[in-house]
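Listed here are the chains, written in short residue letters.
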Amino acid sequence: MELTIKELLDFIGGDTKEKLDEKIVITTISPIEEAKEGAISFLYLKSYNQYLKSSDAAVVLVNKNFIPESNEHPPLIYVDDVKKSLMLLINKFKEIQDYKSGIEEPVYISKDVKYGDNVYLGAFVYLGKGVRIGNNVKIYPNTFIGDDVKIDDNSIIYAGVKIYNRCEIGKNCILHSGCIIGGDGFGHEPQKDGSYKKIPQIGNVILRDNVEVGANTTIDRASIESTIINKGVKLDNLIMIAHNVEIGENTVVIAQTGISGSTKIGKRCILAGQSGFVGHISIADGSQFGAKSGVSKSIKEENQQWFGVPLMKVKESLKMQVLLRNLPDLFSQIKEIKNELLKIKSEKSNNGK
(Lines give C-alpha, C1' and ligand atoms only; values in the text may rest on other atoms or scores of the structure.)
Protein backbone atom coordinates (compact mmCIF):
# COMPACT_ATOMS: atom_id res chain seq x y z
CA MET A 1 0.00 0.00 0.00
CA GLU A 2 1.87 3.03 -1.27
CA LEU A 3 1.06 6.50 -2.64
CA THR A 4 3.55 9.05 -3.90
CA ILE A 5 3.10 12.72 -3.00
CA LYS A 6 2.10 13.40 -6.62
CA GLU A 7 -0.55 10.67 -6.53
CA LEU A 8 -1.76 12.01 -3.18
CA LEU A 9 -2.11 15.58 -4.46
CA ASP A 10 -3.82 14.39 -7.63
CA PHE A 11 -6.32 12.48 -5.51
CA ILE A 12 -7.24 14.94 -2.71
CA GLY A 13 -6.06 18.23 -4.23
CA GLY A 14 -4.82 20.87 -1.80
CA ASP A 15 -2.09 23.50 -1.84
CA THR A 16 1.49 23.44 -0.65
CA LYS A 17 3.44 26.54 0.35
CA GLU A 18 6.74 24.83 -0.20
CA LYS A 19 8.13 22.51 -2.84
CA LEU A 20 7.57 18.89 -1.88
CA ASP A 21 9.67 15.96 -2.96
CA GLU A 22 7.29 14.08 -5.27
CA LYS A 23 9.27 10.90 -4.67
CA ILE A 24 8.18 10.73 -1.03
CA VAL A 25 6.10 7.58 -0.55
CA ILE A 26 3.11 7.48 1.81
CA THR A 27 2.61 4.02 3.30
CA THR A 28 0.17 4.65 6.15
CA ILE A 29 -2.15 7.13 7.90
CA SER A 30 -1.41 8.02 11.52
CA PRO A 31 -2.50 10.47 14.24
CA ILE A 32 -0.13 13.44 14.57
CA GLU A 33 1.23 12.31 17.96
CA GLU A 34 2.10 8.81 16.68
CA ALA A 35 3.13 9.42 13.07
CA LYS A 36 6.39 7.85 11.88
CA GLU A 37 8.36 8.02 8.66
CA GLY A 38 6.19 7.37 5.62
CA ALA A 39 2.95 8.40 7.35
CA ILE A 40 0.50 11.07 6.33
CA SER A 41 -1.07 12.74 9.34
CA PHE A 42 -3.74 15.36 9.95
CA LEU A 43 -4.39 18.32 12.21
CA TYR A 44 -7.70 20.08 12.81
CA LEU A 45 -7.92 20.40 16.62
CA LYS A 46 -5.90 23.17 18.31
CA SER A 47 -5.16 20.91 21.26
CA TYR A 48 -2.94 18.79 18.99
CA ASN A 49 -0.86 21.68 17.59
CA GLN A 50 1.79 20.89 20.21
CA TYR A 51 2.70 17.68 18.36
CA LEU A 52 3.37 19.27 14.98
CA LYS A 53 6.91 20.46 15.65
CA SER A 54 8.17 17.06 16.77
CA SER A 55 6.14 14.90 14.38
CA ASP A 56 7.97 12.46 12.08
CA ALA A 57 5.12 12.43 9.55
CA ALA A 58 6.04 12.66 5.88
CA VAL A 59 3.27 15.23 5.36
CA VAL A 60 0.43 16.68 7.42
CA LEU A 61 -3.04 17.72 6.23
CA VAL A 62 -4.20 21.08 7.64
CA ASN A 63 -7.06 23.46 6.89
CA LYS A 64 -6.35 26.41 4.59
CA ASN A 65 -6.63 28.92 7.44
CA PHE A 66 -4.05 27.10 9.57
CA ILE A 67 -1.04 29.16 10.71
CA PRO A 68 1.84 27.11 12.17
CA GLU A 69 3.35 28.40 15.41
CA SER A 70 6.88 27.52 14.30
CA ASN A 71 8.83 27.09 11.07
CA GLU A 72 9.94 23.67 12.30
CA HIS A 73 7.37 21.14 11.15
CA PRO A 74 6.82 18.44 8.52
CA PRO A 75 5.64 19.51 5.04
CA LEU A 76 2.03 20.73 5.10
CA ILE A 77 -0.79 20.21 2.61
CA TYR A 78 -3.51 22.86 2.91
CA VAL A 79 -7.05 21.64 2.11
CA ASP A 80 -10.56 23.06 2.38
CA ASP A 81 -11.69 20.50 4.96
CA VAL A 82 -9.24 18.16 6.70
CA LYS A 83 -11.97 15.75 7.83
CA LYS A 84 -13.40 15.32 4.32
CA SER A 85 -9.94 14.93 2.77
CA LEU A 86 -9.01 12.41 5.44
CA MET A 87 -12.16 10.37 4.76
CA LEU A 88 -11.37 10.33 1.02
CA LEU A 89 -7.85 9.19 1.81
CA ILE A 90 -8.97 6.44 4.20
CA ASN A 91 -11.38 5.14 1.56
CA LYS A 92 -8.57 5.16 -1.00
CA PHE A 93 -6.21 3.23 1.29
CA LYS A 94 -8.94 0.70 2.07
CA GLU A 95 -9.63 0.27 -1.64
CA ILE A 96 -5.94 -0.44 -2.22
CA GLN A 97 -5.71 -2.79 0.77
CA ASP A 98 -8.84 -4.74 -0.12
CA TYR A 99 -8.28 -5.00 -3.84
CA LYS A 100 -8.92 -8.53 -5.04
CA SER A 101 -9.59 -10.01 -8.45
CA GLY A 102 -9.66 -13.38 -10.15
CA ILE A 103 -10.88 -16.80 -9.09
CA GLU A 104 -8.95 -18.78 -6.52
CA GLU A 105 -8.93 -22.56 -6.22
CA PRO A 106 -10.79 -24.58 -5.17
CA VAL A 107 -14.12 -22.91 -5.97
CA TYR A 108 -17.42 -24.61 -6.91
CA ILE A 109 -19.29 -22.83 -9.69
CA SER A 110 -22.46 -24.38 -11.09
CA LYS A 111 -22.57 -24.62 -14.88
CA ASP A 112 -25.26 -21.97 -15.41
CA VAL A 113 -23.76 -19.29 -13.14
CA LYS A 114 -23.20 -15.91 -14.79
CA TYR A 115 -20.88 -13.22 -13.46
CA GLY A 116 -19.63 -9.85 -14.68
CA ASP A 117 -16.22 -8.25 -15.09
CA ASN A 118 -13.52 -7.89 -12.45
CA VAL A 119 -15.11 -10.41 -10.07
CA TYR A 120 -13.19 -11.93 -7.15
CA LEU A 121 -14.07 -15.40 -5.86
CA GLY A 122 -12.04 -16.58 -2.87
CA ALA A 123 -11.11 -20.18 -2.13
CA PHE A 124 -13.93 -22.54 -1.11
CA VAL A 125 -16.70 -20.29 -2.40
CA TYR A 126 -19.83 -22.21 -3.46
CA LEU A 127 -22.09 -20.78 -6.18
CA GLY A 128 -25.38 -22.63 -6.68
CA LYS A 129 -27.51 -23.04 -9.76
CA GLY A 130 -28.70 -19.91 -11.53
CA VAL A 131 -26.58 -17.48 -9.52
CA ARG A 132 -26.17 -14.05 -11.11
CA ILE A 133 -23.26 -11.83 -10.08
CA GLY A 134 -22.64 -8.29 -11.34
CA ASN A 135 -19.46 -6.39 -12.11
CA ASN A 136 -16.74 -5.73 -9.51
CA VAL A 137 -18.30 -8.06 -6.94
CA LYS A 138 -15.93 -9.48 -4.30
CA ILE A 139 -16.85 -12.78 -2.63
CA TYR A 140 -14.36 -13.84 0.02
CA PRO A 141 -13.43 -17.44 1.00
CA ASN A 142 -15.76 -19.98 2.61
CA THR A 143 -18.92 -18.28 1.41
CA PHE A 144 -22.11 -20.09 0.39
CA ILE A 145 -24.29 -18.57 -2.32
CA GLY A 146 -27.48 -20.59 -2.83
CA ASP A 147 -29.45 -21.29 -5.99
CA ASP A 148 -30.83 -18.34 -7.99
CA VAL A 149 -29.23 -15.70 -5.77
CA LYS A 150 -28.63 -12.32 -7.41
CA ILE A 151 -25.76 -10.04 -6.36
CA ASP A 152 -25.56 -6.68 -8.11
CA ASP A 153 -22.53 -4.55 -9.04
CA ASN A 154 -19.79 -3.50 -6.58
CA SER A 155 -21.04 -5.50 -3.62
CA ILE A 156 -18.64 -7.11 -1.15
CA ILE A 157 -19.41 -10.45 0.52
CA TYR A 158 -16.88 -11.17 3.26
CA ALA A 159 -15.66 -14.59 4.40
CA GLY A 160 -18.11 -17.07 5.83
CA VAL A 161 -21.33 -15.39 4.71
CA LYS A 162 -24.31 -17.62 3.89
CA ILE A 163 -26.92 -16.41 1.38
CA TYR A 164 -29.81 -18.84 0.96
CA ASN A 165 -31.56 -19.54 -2.33
CA ARG A 166 -33.43 -16.84 -4.29
CA CYS A 167 -32.27 -13.93 -2.13
CA GLU A 168 -31.31 -10.66 -3.83
CA ILE A 169 -28.43 -8.33 -2.96
CA GLY A 170 -28.38 -4.84 -4.48
CA LYS A 171 -25.55 -2.62 -5.68
CA ASN A 172 -22.76 -1.42 -3.36
CA CYS A 173 -23.82 -3.67 -0.49
CA ILE A 174 -21.41 -4.93 2.18
CA LEU A 175 -22.08 -8.20 4.02
CA HIS A 176 -19.68 -8.87 6.87
CA SER A 177 -18.39 -12.24 8.02
CA GLY A 178 -20.82 -14.69 9.54
CA CYS A 179 -24.02 -12.93 8.56
CA ILE A 180 -26.81 -15.17 7.26
CA ILE A 181 -29.28 -13.92 4.71
CA GLY A 182 -32.44 -15.93 4.06
CA GLY A 183 -32.56 -18.52 6.84
CA ASP A 184 -36.05 -19.82 7.59
CA GLY A 185 -38.40 -17.59 9.51
CA PHE A 186 -39.46 -19.00 12.88
CA GLY A 187 -42.79 -20.50 11.90
CA HIS A 188 -44.19 -23.44 13.90
CA GLU A 189 -47.84 -24.40 14.36
CA PRO A 190 -48.76 -25.90 17.77
CA GLN A 191 -50.46 -29.33 17.53
CA LYS A 192 -53.05 -30.95 19.81
CA ASP A 193 -50.46 -33.35 21.21
CA GLY A 194 -48.25 -30.42 22.34
CA SER A 195 -45.74 -30.76 19.50
CA TYR A 196 -45.06 -28.21 16.77
CA LYS A 197 -45.35 -28.57 13.01
CA LYS A 198 -42.95 -26.53 10.91
CA ILE A 199 -44.54 -24.00 8.54
CA PRO A 200 -42.54 -23.91 5.27
CA GLN A 201 -40.88 -20.57 4.56
CA ILE A 202 -40.95 -20.07 0.80
CA GLY A 203 -40.26 -16.33 0.47
CA ASN A 204 -36.87 -14.61 0.23
CA VAL A 205 -34.82 -11.64 1.42
CA ILE A 206 -34.19 -8.53 -0.66
CA LEU A 207 -31.42 -6.09 0.19
CA ARG A 208 -31.71 -2.88 -1.81
CA ASP A 209 -28.68 -0.79 -2.88
CA ASN A 210 -26.09 0.54 -0.40
CA VAL A 211 -27.10 -1.74 2.49
CA GLU A 212 -24.46 -2.85 5.01
CA VAL A 213 -24.99 -5.91 7.21
CA GLY A 214 -22.75 -6.46 10.24
CA ALA A 215 -21.00 -9.63 11.37
CA ASN A 216 -23.24 -12.45 12.62
CA THR A 217 -26.44 -10.58 11.87
CA THR A 218 -29.32 -12.76 10.65
CA ILE A 219 -32.14 -11.79 8.30
CA ASP A 220 -34.86 -14.43 7.91
CA ARG A 221 -36.65 -15.11 4.64
CA ALA A 222 -40.33 -14.25 4.43
CA SER A 223 -42.91 -16.97 4.88
CA ILE A 224 -44.40 -16.23 1.44
CA GLU A 225 -43.21 -12.93 -0.08
CA SER A 226 -40.07 -10.94 0.87
CA THR A 227 -38.26 -9.62 3.92
CA ILE A 228 -37.07 -6.24 2.62
CA ILE A 229 -34.13 -4.10 3.73
CA ASN A 230 -34.43 -0.87 1.80
CA LYS A 231 -31.83 1.43 0.26
CA GLY A 232 -29.12 2.82 2.53
CA VAL A 233 -29.98 0.80 5.67
CA LYS A 234 -27.03 0.13 8.00
CA LEU A 235 -27.21 -2.92 10.27
CA ASP A 236 -24.68 -3.43 13.06
CA ASN A 237 -23.34 -6.78 14.30
CA LEU A 238 -25.48 -9.37 16.10
CA ILE A 239 -28.93 -8.24 14.99
CA MET A 240 -31.95 -10.50 14.53
CA ILE A 241 -34.47 -9.56 11.83
CA ALA A 242 -37.41 -11.95 11.55
CA HIS A 243 -39.51 -13.00 8.56
CA ASN A 244 -41.60 -10.48 6.61
CA VAL A 245 -39.98 -7.47 8.30
CA GLU A 246 -39.47 -4.35 6.19
CA ILE A 247 -36.95 -1.66 7.14
CA GLY A 248 -37.24 1.77 5.51
CA GLU A 249 -34.53 3.71 3.69
CA ASN A 250 -31.49 5.03 5.59
CA THR A 251 -32.51 3.52 8.92
CA VAL A 252 -29.72 2.55 11.33
CA VAL A 253 -30.00 -0.49 13.62
CA ILE A 254 -27.44 -1.01 16.41
CA ALA A 255 -26.08 -4.27 17.84
CA GLN A 256 -28.24 -6.87 19.58
CA THR A 257 -31.52 -5.39 18.44
CA GLY A 258 -34.32 -7.84 17.67
CA ILE A 259 -37.22 -7.17 15.31
CA SER A 260 -40.08 -9.67 15.34
CA GLY A 261 -41.98 -10.92 12.33
CA SER A 262 -44.00 -8.67 9.98
CA THR A 263 -43.00 -5.43 11.71
CA LYS A 264 -42.51 -2.41 9.46
CA ILE A 265 -39.81 0.08 10.41
CA GLY A 266 -39.99 3.52 8.78
CA LYS A 267 -37.38 5.61 6.99
CA ARG A 268 -34.49 7.38 8.75
CA CYS A 269 -35.10 5.65 12.07
CA ILE A 270 -32.44 4.94 14.71
CA LEU A 271 -32.78 1.75 16.76
CA ALA A 272 -30.18 1.78 19.53
CA GLY A 273 -28.51 -1.31 20.99
CA GLN A 274 -30.58 -4.13 22.50
CA SER A 275 -33.88 -2.60 21.41
CA GLY A 276 -36.72 -5.08 21.07
CA PHE A 277 -39.74 -4.87 18.75
CA VAL A 278 -42.78 -7.12 18.90
CA GLY A 279 -44.31 -8.44 15.69
CA HIS A 280 -46.97 -6.96 13.41
CA ILE A 281 -46.45 -3.30 14.36
CA SER A 282 -45.49 -0.22 12.32
CA ILE A 283 -42.92 2.43 13.26
CA ALA A 284 -43.23 5.97 11.88
CA ASP A 285 -40.49 7.64 9.84
CA GLY A 286 -37.74 9.36 11.82
CA SER A 287 -38.41 7.51 15.08
CA GLN A 288 -35.48 7.14 17.48
CA PHE A 289 -35.25 4.54 20.24
CA GLY A 290 -32.77 4.54 23.11
CA ALA A 291 -30.80 1.47 24.14
CA LYS A 292 -32.83 -1.43 25.59
CA SER A 293 -36.15 0.12 24.57
CA GLY A 294 -39.06 -2.33 24.53
CA VAL A 295 -41.48 -1.49 21.73
CA SER A 296 -44.81 -3.28 22.09
CA LYS A 297 -47.15 -1.19 19.94
CA SER A 298 -47.14 0.83 16.73
CA ILE A 299 -45.64 4.34 16.69
CA LYS A 300 -47.64 6.75 14.55
CA GLU A 301 -45.98 10.11 15.38
CA GLU A 302 -43.01 10.85 13.12
CA ASN A 303 -39.61 12.13 14.28
CA GLN A 304 -40.11 11.39 17.98
CA GLN A 305 -37.59 10.04 20.52
CA TRP A 306 -38.54 7.06 22.68
CA PHE A 307 -36.91 5.18 25.53
CA GLY A 308 -37.40 2.58 28.22
CA VAL A 309 -39.63 -0.28 29.32
CA PRO A 310 -42.50 0.50 29.30
CA LEU A 311 -41.78 2.70 26.30
CA MET A 312 -42.23 6.45 26.80
CA LYS A 313 -41.15 9.63 25.11
CA VAL A 314 -37.64 10.49 26.23
CA LYS A 315 -38.58 13.44 28.47
CA GLU A 316 -41.24 11.38 30.27
CA SER A 317 -38.84 8.48 30.66
CA LEU A 318 -36.15 10.72 32.18
CA LYS A 319 -38.69 12.06 34.69
CA MET A 320 -39.61 8.47 35.56
CA GLN A 321 -35.96 7.60 36.13
CA VAL A 322 -35.59 10.54 38.54
CA LEU A 323 -38.62 9.30 40.46
CA LEU A 324 -37.25 5.76 40.57
CA ARG A 325 -33.91 6.96 41.95
CA ASN A 326 -35.75 8.88 44.68
CA LEU A 327 -38.13 6.01 45.46
CA PRO A 328 -36.25 4.70 48.58
CA ASP A 329 -36.29 8.19 50.15
CA LEU A 330 -39.93 8.69 49.21
CA PHE A 331 -40.78 5.32 50.78
CA SER A 332 -38.98 6.30 54.00
CA GLN A 333 -40.85 9.61 54.11
CA ILE A 334 -44.20 7.91 53.57
CA LYS A 335 -43.36 5.41 56.31
CA GLU A 336 -42.54 8.25 58.71
CA ILE A 337 -45.78 10.06 57.82
CA LYS A 338 -47.72 6.83 58.35
CA ASN A 339 -46.13 6.32 61.77
CA GLU A 340 -46.93 9.91 62.74
CA LEU A 341 -50.55 9.48 61.67
CA LEU A 342 -50.84 6.24 63.65
CA LYS A 343 -49.36 8.00 66.66
CA ILE A 344 -51.86 10.87 66.39
CA LYS A 345 -54.73 8.43 65.94
CA SER A 346 -53.61 6.48 69.00
CA GLU A 347 -53.38 9.65 71.12
CA LYS A 348 -56.87 10.77 70.06
CA SER A 349 -58.21 7.33 70.87
CA ASN A 350 -56.64 7.40 74.34
CA ASN A 351 -57.91 10.93 75.00
CA GLY A 352 -61.37 9.85 74.04
CA LYS A 353 -61.37 7.27 76.78
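Everything below is about the structure printed above this text.
Everything in this summary refers to the structure shown in the same document. Counting from 1, residues in each chain are numbered in the order their sequence is written. Reporting in this predicted model follows two pLDDT cut-offs: at least 70 for local features of residues, and 80 or more for side-chain atom pairs to be given and counted; totals over whole chains, interfaces and linings ignore these cut-offs and use all residues. To get the side-chain values, take all heavy atoms of the structure and skip hydrogens and water.

Overview of the sheet that holds strand S25 (residues 218–220)
Two pairing modes exist for strands in a sheet, parallel and antiparallel, and in both the strands are linked by backbone hydrogen bonds.
Phase 1 of the analysis: Paired strands, in this sense, are two strands between which DSSP finds at least two bridges. Only DSSP runs of H or I reaching four residues or more are called helices, and only runs of E reaching two or more are called strands; each is numbered from the N terminus. The sheet built from ten strands is open, its strands ordered S8-S11-S14-S17-S20-S25-S28-S31-S34-S37 with parallel pairing. Edge positions in the sheet fall to strand S8 (108–109) and strand S37 (294–295), since each of these pairs with one other strand and no more.
Phase 2 of the analysis: Here strand S14 (residues 144–145) runs beside strand S17 (residues 162–163); their pairing, made up of two bridges, is parallel. Among the inter-strand pairings, Ile145 is bridged to a residue of S17, identified as Ile163.

Quick look at the packing of helix H1 (residues 5–12) against helix H2 (residues 82–97)
Phase 1 of the analysis: Working convention: axes come from line fits to C-alpha atoms, limited for helices to the stretch in contact. Angles between N-to-C directions cover 0 to 180 degrees. Where H1 meets H2, the closest approach of the two axes is 10 Å, and the angle between their N-to-C directions is 120°. Viewed along their axes, H1 and H2 adopt a mutual orientation that is oblique. Along this stretch, H1 crosses H2, giving a crossing that reads as right-handed. In this structure, H1 uses Leu8, Phe11 and Ile12 to contact H2, whose residues at the interface are Ser85, Leu88, Leu89 and Lys92.
Phase 2 of the analysis: Residue type decides the class: Asp, Glu, Lys and Arg count as charged, Ala, Val, Leu, Ile, Met, Phe, Trp, Tyr, Cys and Pro as nonpolar, and the leftover types, Gly among them, as polar. For the contact of H1 with H2, the class distribution of residues is five nonpolar, one polar and one charged. Orientation categories follow fixed angle ranges, with anything under 35 degrees roughly parallel, anything over 145 roughly antiparallel, 65 to 115 roughly perpendicular, and all other angles oblique. In a left-handed crossing the near helix is turned counterclockwise from the far helix by less than a right angle, and in a right-handed crossing that turn is clockwise. Note on contacts: a residue pair qualifies if any of its non-hydrogen atoms lie within 4.5 Å across the two residues.

Observations regarding the sheet that holds strand S12 (residues 132–133)
Phase 1 of the analysis: Across the sheet, which stays open at both edges, the nine strands sit in the order S9-S12-S15-S18-S23-S26-S29-S32-S35 with parallel pairing between neighbours. Unpaired on one side and paired on the other, strand S9 (114–115) and strand S35 (282–283) mark the two borders of the sheet.
Phase 2 of the analysis: The pairing of strand S15 (residues 150–151) with strand S18 (residues 168–169) spans two bridges and is classified as parallel. Looking across to S18, one finds that Lys150 is bridged to Glu168.

A word on the pattern of salt bridges
Phase 1 of the analysis: Should a side-chain nitrogen of Lys or Arg be within 4 Å of a carboxyl oxygen of Asp or Glu, the pair is scored as a salt bridge. Going through the model one piece at a time under the given rule, you end up with six salt bridges.
Phase 2 of the analysis: A salt bridge links Asp15 to Lys64; the nearest nitrogen and oxygen atoms lie 3.5 Å apart. Note that Asp15 is positioned in the loop between H1 and strand S2 (25–26) and Lys64 in the loop between strand S5 (59–63) and strand S6 (76–79), a separation of 49 residues in sequence.
Phase 3 of the analysis: We call a residue buried when its accessible area falls under 20% of the maximum for its residue type, exposed when it is over 50%, and partly exposed in between, using a 1.4 Å probe and counting protein chains only. On the basis of relative accessible area, Asp15 is assigned to the partly exposed category, the value being 42%.
Phase 4 of the analysis: Given a relative accessible area of 42%, Lys64 falls into the partly exposed group.

Concerning the packing of aromatic side chains
Phase 1 of the analysis: Any two rings among Phe, Tyr and Trp, with Trp reduced to its six-membered ring, count as a pair given centres within 6.5 Å; such a pair is stacked if its planes are under 30 degrees apart, edge-to-face if over 60, and tilted if neither. A complete count under the given rule lists seven aromatic pairs for this structure.
Phase 2 of the analysis: Ring centres of Tyr48 and Tyr51 lie 5.8 Å apart, and the angle between their planes is 40°; on these two criteria the pair is classed as tilted.
Phase 3 of the analysis: Judged by its relative accessible area of 33%, Tyr48 is partly exposed.
Phase 4 of the analysis: Judged by its relative accessible area of 30%, Tyr51 is partly exposed.
Phase 5 of the analysis: Between Tyr108 and Tyr126 the ring centres are 4.9 Å apart and the planes differ by 15°, which places this aromatic pair in the stacked class. Of this pair, Tyr108 sits in strand S8 while Tyr126 is found in strand S11 (residues 126–127), placing the two residues 18 residues apart along the sequence.

A few points about the state of the cysteines
Phase 1 of the analysis: Cysteine sulfurs are considered disulfide-paired once they come within 2.5 Å of each other. Under the criterion given, the structure shown has zero disulfides.
Phase 2 of the analysis: Between Cys179, a cysteine without a disulfide, and Cys173, which holds the nearest cysteine sulfur, the sulfur-to-sulfur distance is 11 Å.
Phase 3 of the analysis: By relative accessible area, Cys179 is classed as buried at 0%.
Phase 4 of the analysis: Free of any disulfide, Cys269 has its nearest neighbouring cysteine sulfur in Cys173, separated by 19 Å.
Phase 5 of the analysis: Overall, the relative accessible area of 1% leaves Cys269 in the buried class.

Here's the deal with a nonpolar patch on the surface
Phase 1 of the analysis: The patches described consist of residues with a relative accessible area above 30% and no salt bridge, like charges being joined within 9 Å and nonpolar side chains (Val, Leu, Ile, Met, Phe, Trp, Tyr) within 5 Å. Here the Shrake-Rupley method, with its probe set to 1.4 Å, supplies the accessible areas, and only the displayed protein chains count as covering residues. A surface patch of nonpolar side chains, about 450 Å² in accessible area, is lined by Met320, Leu323, Leu324, Leu327 and Leu330.
Phase 2 of the analysis: You can see Leu330 is positioned in helix H3 (residues 314–352).
Phase 3 of the analysis: When its relative accessible area of 35% is taken as the criterion, Leu330 is described as partly exposed.

Let's talk about the pairing of strand S20 (residues 180–183)
Phase 1 of the analysis: Two elements, S17 and S20, share two bridges in a ladder whose sense is parallel. Bridge pairing in S20 links Lys162 to Ile180.
Phase 2 of the analysis: Sheet topology note: the S20/S25 ladder contains three bridges and is parallel. Paired with Ile181 across the strands is Ile219, a residue of S25.

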